Amino acid sequence: MSTENAATPDADAVRDWQHWHEQRTETVSAPYGPLSLLGTHWLADHPDGSIPDIPGRWAETSDGVVLTARAEDGLTVDGEPLTGEVLLGADSGPVAAARVRHGERRLVVIHREGLWAVRDFDPDAAARRAFKGIDVTAYDARWAVPGRFTPYGENRTVRVGNADGKERGLGPVRRIRSHLGGGHLSVRVSGVWCVEMQGGGGRQRDGGAPCSSEAESLGELSTDDNAADRRARPRGPRHDPPDRP
């Protein structure tokens, strides 16, 4: 990456970014982190109660999910082998604490918009085993710029894809305007999380860049796109990123 016109980074800012990056990597690669998710199975798509590669029979009811299993299925509920049936509600704790287990796998029951689903987490997932890190460029102080926080005149939401395969409204959405690389930058945010960035050069990137703000009110703040790293994925052959504007 070109260092022409690059600002000298503040030591504290670099340290904070490094800490954030390390935490991000640890979270992504955790045994039951995002890379261990094999799939989300909506029970409405499996009316016979059979989910591919997951033992037992899973039936949604008005009260929850009825799971039926035999001893040979190898399922446990609350640490005990399941033989027969049990009524399950939505898991509310961390993935590792899910009630239903199959060996090291965690079968998490969720309830969204009136629908029930089972999420399958496996620490031995191929994506987690192949993970080598998250590609990021070095911290660049040019990407930490002042901006102007302005709410819309009415509440707005943005449709954002979720890990369970569904799109949902994220809001309320507000706007941050600033200047970067000689052009205008407009960022839509929900709380203090940027959900879309559009620059004056016609580029657009969806991501999860955290924006630092002293207060959620009309006024000045700063946004740091150094934390908008690429989505977690196994690192393949290295391709140097293009110079930033």
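These remarks concern the structure in this document. (Residues numbered from 1 in each chain as written. Predicted model: local features only at pLDDT ≥ 70, side-chain atom pairs only at ≥ 80, totals over all residues. Heavy atoms only, no water.)

## Remarks on the overall build of the chain
Summing up its helical and strand segments, the chain has two helices and 18 strands in all. Within the chain, buried positions represent 37% of all 245 residues. Look at the contacts in the chain between residues 6 or more apart in sequence, and 51% of them connect residues 24 or more apart. Here the chain displays about 14,300 Å² of accessible surface, and carbon together with sulfur accounts for 49% of that area. (Helix = DSSP H or I, 4+ residues; strand = E, 2+ residues; numbered from the N terminus. Buried < 20%, exposed > 50% of the residue type's maximum accessible area, 1.4 Å probe, protein only. Contact = heavy atoms within 4.5 Å. Areas by Shrake-Rupley, 256 points an atom, 1.4 Å probe, with all protein chains shown as cover.)

## Examining the sheet that holds strand β6 (residues 84-88)
Reading across the sheet, the three strands line up as β2-β3-β6 and stay open at both edges, with antiparallel pairing between neighbours. Across the chains shown, the open sheet's two edge strands, defined by having one partner strand only, are β2 (57-60) and β6. Between one strand axis and the next, the sheet turns by 20° as a mean value, whatever way the strands run. Relative to β6, strand β3 (residues 65-69) is paired through five bridges, and the arrangement is antiparallel. Looking at β6, one finds that Val65 is bridged to Leu88. (Pairing = 2+ DSSP bridges. Axes fitted to C-alpha atoms, helices over the stretch in contact; angles between N-to-C directions.)

## Comments concerning the pattern of salt bridges
Counted according to the given criterion, the structure contains seven salt bridges. In this structure, the salt-bridge partner of Asp78 is Arg99, at a minimum N-O distance of 2.8 Å. With Asp78 in the loop between β4 (76-77) and β5 (80-81) and Arg99 in the loop between β6 and β7 (100-102), this residue pair connects regions lying 21 residues apart in the sequence. Note on Arg99: relative accessible area 30%, which makes it partly exposed. Look at the salt bridges and you will find they share partners, linking Arg70, Glu72 and Asp73 into a network. (Salt bridge = Lys/Arg side-chain N within 4 Å of Asp/Glu carboxyl O.)

## Here we look at the nonpolar core
Grouped together as the largest cluster of nonpolar side chains are 17 residues, with contacts concentrated most on Trp58, Leu67, Leu88 and Val100. Listing elements by their share of this core, those giving two or more residues are β3, β6, β8 (105-112) and β9 (115-121). Dropping the residues within four chain positions of it, Leu88 is found in contact with Trp58, Gly64, Val65, Leu67, Val77, Arg99, Val100, Val109 and Trp116. Formed by eight residues, the second largest nonpolar core is a distinct cluster that contains Ile176, Leu180, Leu185 and Val187. (Core = buried A, V, L, I, M, F, W, Y, C linked by side-chain atoms within 4.5 Å.)

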